[in-house]
Structure formats: structure tokens, C-alpha cells
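Descriptive analysis of the structure
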Amino acid sequence: MEPTNTEIALHILLSVGIIVISAKFLGTFFKKFGIPQVAGQICAGLLLRFLPIFSNFGHENPGSLYGETNQFINFMSEIGVVLIMFSAGLGTNLKSLIKSGIKSTAIAFFGVITPLILGTLMALCFWGFNGITLEDPSKFFKAMFIGTILTATSVSISAATLKELGKIKTEIAQTIISAAIIDDVIGIIALTIVVGLSTGSGGIIEIFIKTILFFVFAILLGFLIYKFFKWYDNRHPHSRRMPIYALGVALIYAYIAEKFFGIADITGAYIAGVVFCNLSDASYMESKIDVNSYMFFSPIFFASIGLKTDLSQLNLQMLWFAIAFVLVGCISKLIGCAGISKLMKFSWKESYPIGLGMMVRGEVALIVAQKGLSVGMVDSKYFTPVILLIIVSSMLVPILMKKAFKEKESPTAIV
């Protein structure tokens, strides 16, 4: 007997209520120990899998009570991803990004390409090189996607550490922040290309053409949207309607990106944020968007990551994969970013903190992994290494960065 609409609605209310409360509680609890809240929210999802109400999560059964609830949570998670990426775009300092110059761009590029290559090779070492042909490159693309997950940088932990040390206005800090922003842009482009190639939505030339066309379209339309909203913002400063209109534009951008260009919807949302980031009320708009994201959509998204993570497949081989994933993720960023920093005329004592600052991973890595899951690029069990990387890098980087600046300032430090 199929459940009634009322029964489904009540089941959704109960499920979402439990998710929001548990995610926020564990997120706050983890924050007290210096661990990012997202890690706590993910762990909440992992624990909720043991409750009967969530035991069937991930095993879709359309029309059933659990199936309809799962579908609703997945929809809310997708909106949560769009909000997070839109907010990230709104927080972009476009002027600083343009002025950052060759140094930050070079650091960002090598901060993407090094993890991409090393991560791909690491995955192939575990899965084997056999069976990869021009006719069937699926295994190579899946390995390449593992590398793509490692390209993301979350600079929030590094920025907080630099601020605490009184170094936030130094050249090193500005280089890290600018490079991290550019890193995300390049990483999103890499994600777009890899997903496009792997899902068979066109050859490499077609994917590049679609990507270029999307950015041309997004920039031209974005310029017109920016001009209109700048005029509107001057006439109605701090209008509560502005964030609503901007959110609507972000959702439409996300739809157009994936529907007509085959570009990831999160790319469209991010670009929409960049369109609005130079408005005088951008920070006000970001704060309003963050309220909705912080209170409701983000906890559901991060908790759903935990709910989808299948720990039953965590065998010894998967454990070794997770350890290798964390090591390659940390070392590749350090090598790529610190190495190119040295070539860009930074000293070793300056290059090392730059490499450390680019090492932290956060929500963007999870969003990329989630995208891979939705298009069949990775299994849910691979969320475990990503979660481990976020926790390890978030705890390790502040300790190493404080030590690096302490040695840098010490007159007895070895040069």
C-alpha cells in the first residue's frame, strides 16, 4: 500500500528536523576542538545511518515513504550546493583577483595541475593500468576525477590562522588568498572538462568549445545583469529584494550552465556570484544568502554526504587508499605551490607557508565529490577519504603554519 501525501510530508518533516538539529549540534561540537563544522555535520550524517528512519538512505524506492524522503533530501542538498557556490562567488574580490598578477595565477595553476596528475596516478596505482584503451577510457577518467577532487583549496582555515598571527596583510597572505580564489576557478573548469569527457557529452574539442561558449555567454549576460543591478542598487541600497533577485539569477545560471552547455550547475552558480561580487551591497547580499544556507540547506547537504557514505565497504584496501589519498592531497599542494613560489622569486621561508596555506581542503572538495557521485564517476565509499583529508589538513595546517612563521622570525633559524 502506497503512503498518502500527508504521510510522506510528515515523514519528510521528521527526517529534516532530525538532520538539522544533529548536524548543527555536532558541527558546533567539532568547532570547539578546532575542527571545521562541516566535518561535524558529515559525522552527524554517518551516525544517523544507524537510525531506522535513515537506514534505507541511498537505496531509492520511488513511491515509498523512504524513497520520497530521500528524493526530497537530495533536492535540498542540490540547492544547498548551489547556495554555497553562489556565496563563494559573491565573496570573491574581483579587483584583487585581477591585480594579483602572474605570481598568484602561476601558484594557482600548479596548485591544480600537480594534485590532478599525482592524484590520477595514485588512483591508477590502486586500480591498475590494465583495461585502459582509447575505445574504453572510463577507468582513466574515473582516476582523473580522483585527481580533480584533490585540486580544490579551502583557504578559510589558513586565512584565520594568518589573521591570528597578525600576518593577514603581508604579501604571503595576500598571495595565498588570491591564489586560492584563482585555484577554485581553474579547479571548476577542470571539473567541467573531466565530467564532460567522462559522461560522453562530447569529444575534448567539443567540451572546450562548450566551455568557452558558456564563459563568453556568462560574461556578456553577466555584464548586462551587473549594470542593471548596479543601477537598481544605487536607487534602492540595502534593499531586501536584492538578495532574492540575485538568488533567482544564480539558480537560472546553474540551470542554463548544465542544460544548454553541459557545464556543471555549480559552475553557473559560482559565476553568478562573481557577477554580483563588485556591487556595493555584495557583502550584504552574501550575508543574507548565508543565513539561509547556514540555517537549513548547508546542514542538509553536509549531513547527506555522511548519509551517502557507505562505511560497509571500508576494507583494508580502502583504508590504504584513504591514507594514500590524504598523503598525496597534502604533499601535491605543498610541492606544486611551494615549488612554483620559489621559482617566482619567493624565498624558501616564504614559499613553504604559501604551500601550507594552499593545502587545506573543505566544502569545495566535497561538492566536487558529490558531483562525481551524481554522474556515476565515483562510488559513495570514496567520500571517506575526502572527509579524512578535510579533517587532517584542517588540523595540520594551522600547527605547521604557526611553526613556520615562528622559525621565519627567529634570528637563529637556519637559512
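Per chain, residue numbering runs from 1 following the sequence as it is written. Two thresholds apply to this predicted model, a pLDDT of at least 70 for residue-level local features and 80 or more for giving and counting side-chain atom pairs, whereas whole-chain, interface and lining totals are computed over all residues. In computing side-chain properties, one takes all heavy atoms of the structure into account and sets aside hydrogens as well as water.

Some thoughts on unusual backbone geometry
In this structure, Lys 345 is a non-glycine residue whose phi angle is positive, near 80°. Considering the arrangement of structural elements, one finds Lys 345 in the loop between helix H13 (316-343) and helix H14 (348-357). Working definition: helices are DSSP H or I runs of at least four residues, strands are E runs of at least two. Numbering for both runs from the N terminus.

Here we look at the pattern of salt bridges
We count a salt bridge whenever a side-chain nitrogen from Lys or Arg sits within 4 Å of a carboxyl oxygen from Asp or Glu. Evaluated as defined, the whole model comprises three salt bridges. Where Asp 183 meets Lys 333, a salt bridge forms, and the shortest distance between an N and an O atom there is 2.7 Å. Of the two residues, Asp 183 is situated in helix H8 (residues 171-198) and Lys 333 in helix H13; the sequence distance between them amounts to 150 residues. Neither Asp 183 nor Lys 333 differs from the other in exposure class; each is buried. The residue Lys 371 makes a salt bridge to Asp 265 at a minimum N-O spacing of 3.6 Å. The buried label applies to any residue whose accessible area, calculated with a 1.4 Å probe on protein chains only, is under 20% of its type's maximum; exposed applies above 50%, and partly exposed to all values in between.

Brief notes about the packing of aromatic side chains
The pairing test for Phe, Tyr and Trp rings, Trp by its six-membered ring, is centres within 6.5 Å, and the orientation test on the planes gives stacked under 30 degrees, edge-to-face over 60, and tilted for anything in between. This model, assessed by the stated rule, comprises 21 aromatic pairs. Consider the rings of Phe 29 and Phe 33, whose centres lie 5.2 Å apart with planes at 65°: the pair is edge-to-face. Classification of Phe 29 by relative accessible area gives partly exposed; the value is 40%. With 6.4 Å between their ring centres and 25° between their planes, Phe 228 and Tyr 232 make a pair best called stacked.

Considering the environment of Leu 334
Examined against the element boundaries, Leu 334 turns out to sit in helix H13. Owing to a relative accessible area of 24%, Leu 334 belongs among the partly exposed residues under this scheme. Along the backbone, Leu 334 and Cys 43 are 291 residues apart, and their C-alpha atoms lie at a distance of 27 Å. Discounting chain neighbours no more than four positions away, the residues touching Leu 334 are Gly 339, Tyr 352, Gly 355, Leu 356 and Met 359. Residue contacts follow a heavy-atom distance rule, with two residues in contact if any of their heavy atoms lie within 4.5 Å.

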